[in-house]
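Geometric and topological summary
Next come the chains, spelled out residue by residue.
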Amino acid sequence: MVNIKHVTLGSLLGLVLIAGCGSKEESDGASKEEKPDPVTVTAAVDGAYNEAFDKLLTEYLRTKYPHITLNIMRPADGNTLDNLLIAGTVPDIIFTFNGNLSSYRTKGLLYDMNALIRDNKFSLDRFEPNYIADVQIASTNGELFALPYETTFHALYYNKNIFNKFGVEYPKDGMTWAETVELGKKVTRYESGTQYRGLDPGAGIIWISQPLSLAAVDYTTDKASINNEPWKRLFELVNQIYSIPGNKPAGNVLNEFTKEKTLAMVAHLNIFSVLEAAEKDGMEWDVTQYPSFPEKPNTFGNASVYVGTITQSSKHKKEALQVLDVLTSEPFQTARAKSGSITTLKSAEVTKAFGADMSFLKGKHVEGIFKSKPVKYPISSQYRSKAEVIAKARFDDYAAGKIDVNTALARAEEEINKMVDAEKMK
């Protein structure tokens, strides 16, 4: 304790100066903490570049983390992920979709974000749990290699003009595929020289098979898994749709629906961009919940989940996580939802904002889209795509009446196994 009786004016001033110096040092230290050094975070797009997304994310990032500059490299400028890796330029972040993550393992790109997320108190509670599960398809021991930020959906779109023309009630939420097929029969008509088709499942046997988790090739064995009762049932269902008199596919499905306007219903992904033009051309349309199977109610197929992943070699992992924090924040997600993006967040407010800036969606039944959830994204064989091409070709033979369903499945099985063997020999 200082004895105040023996404190001179000079020593008192000295104490004041010392205290003042201490305060300045503390203030300077706090100031440095409040103003981190500028950092540039680089990002590659392994897919389609979206300029509106780039500009919006940059704007929101500047507001919350002004010290971070985000450089999203355009694939069109030669900055594809493969080109960057060949040049030895590994980005801090890759924007891609969950199906690509497994392929990054052999490229040394995957980084388990769990510790980074924990140390920076980043909460995963903001996400719908199924989308986190979809991201973890590349994990073997609970790793989290990416964060989901947008997704896709399947829905049933319909041409109100055709339903009105034939006096048939519109499709509604909660229909099964069997009910949808019966409705399709009622609006498959030949009228005044025009053949109207009632229903198309959108991608032949592929999308409609996904809610049932059917795989043409088993990822654990790399053997065909198509010659069985579930696939037979699926082949027969889609053939039933195409066998409605006058309902065989007549060309490009989207053109039939939006340009020729001769297709009454189509089960598809997000096609709002083409529907805006169709509406200007006189088409009255609406959308409802994707049809489902009784054993898989309120379920559609694989949702491609768009993700941001931090690379193993990034020297700015904390700042990269801050970019992903903004990307998956409610304000940014709300802005994206207003322009038609589907969020991966739990937030009812973000979901409610869907399409708010898209005037042509006013009065449309967009809430039906959200009544179904995607099936759990499958762990797939690397031969999945080629196996599905074979399966589709053999289905087309069956639908054309060239072979029966059992022969179609048997041939598909044989061809898939031969394809896998050939691929392994390369």
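Residues numbered from 1 in each chain as written. Predicted model: local features only at pLDDT ≥ 70, side-chain atom pairs only at ≥ 80, totals over all residues. Heavy atoms only, no water.

As named in an unreviewed UniProt entry, the protein is ABC transporter substrate-binding protein, taken from Paenibacillus hodogayensis.

1. With respect to the overall build of the protein
Scanning the protein from N- to C-terminus turns up 17 helices and 13 strands. Rg of the C-alpha trace for the protein: 28 Å, well past the compact-globule value of 22 Å for 426 residues, more than 25% over. Each principal axis of the C-alpha distribution contributes one length, and for the protein these read about 110 × 55 × 40 Å. Relative to its 426 residues, the protein shows a buried fraction of 49%. Within the protein, contacts between residues at least 6 apart in sequence are counted, and of these 75% link residues at least 24 apart. Looking at the protein as shown, the accessible area adds up to about 21,200 Å², and 52% of this sits on carbon and sulfur atoms. Separation of charge centres in the protein, based on 49 positive and 53 negative side chains, amounts to 1 Å. (Helix = DSSP H or I, 4+ residues; strand = E, 2+ residues; numbered from the N terminus. Rg over C-alpha atoms; globule rule 2.2 N^0.38 Å. Buried < 20%, exposed > 50% of the residue type's maximum accessible area, 1.4 Å probe, protein only. Contact = heavy atoms within 4.5 Å. Areas by Shrake-Rupley, 256 points an atom, 1.4 Å probe, with all protein chains shown as cover. Lys, Arg positive; Asp, Glu negative; His and termini not counted. Charge placed at Lys NZ, Arg CZ, Asp CG, Glu CD.)

2. Quick word on the sheet that holds strand β9 (residues 285–288)
Spatially, three strands are ordered β8-β5-β9 in an open sheet, and the strand pairing comes out antiparallel. Here the strands that pair on one side only, and so sit at the sheet edges, are β8 (265–268) and β9. Going across the sheet, the axis of each strand differs from the next one's by a mean of 25°, ignoring polarity. Relative to β9, strand β5 (residues 155–159) runs antiparallel, the two sharing four bridges. Across the sheet, the residue bridging to Leu 156 is Thr 288, located in β9. (Pairing = 2+ DSSP bridges. Axes fitted to C-alpha atoms, helices over the stretch in contact; angles between N-to-C directions.)

3. Description of the sheet that holds strand β12 (residues 342–343)
One open sheet accounts for six strands, arranged β2-β1-β3-β11-β4-β12; its pairing is mixed. Unpaired on one side and paired on the other, β2 (68–73) and β12 mark the two borders of the sheet. In terms of strand pairing, strand β1 (residues 39–45) meets β2 through six bridges, oriented parallel. When the bridges of β2 are listed, Thr 42 appears paired with Asn 71. Relative to the sheet, helix α2 (residues 51–64) contacts β2, β3 (93–97) and β4 (147–151), its axis offset from that of β2 by approximately 170°.

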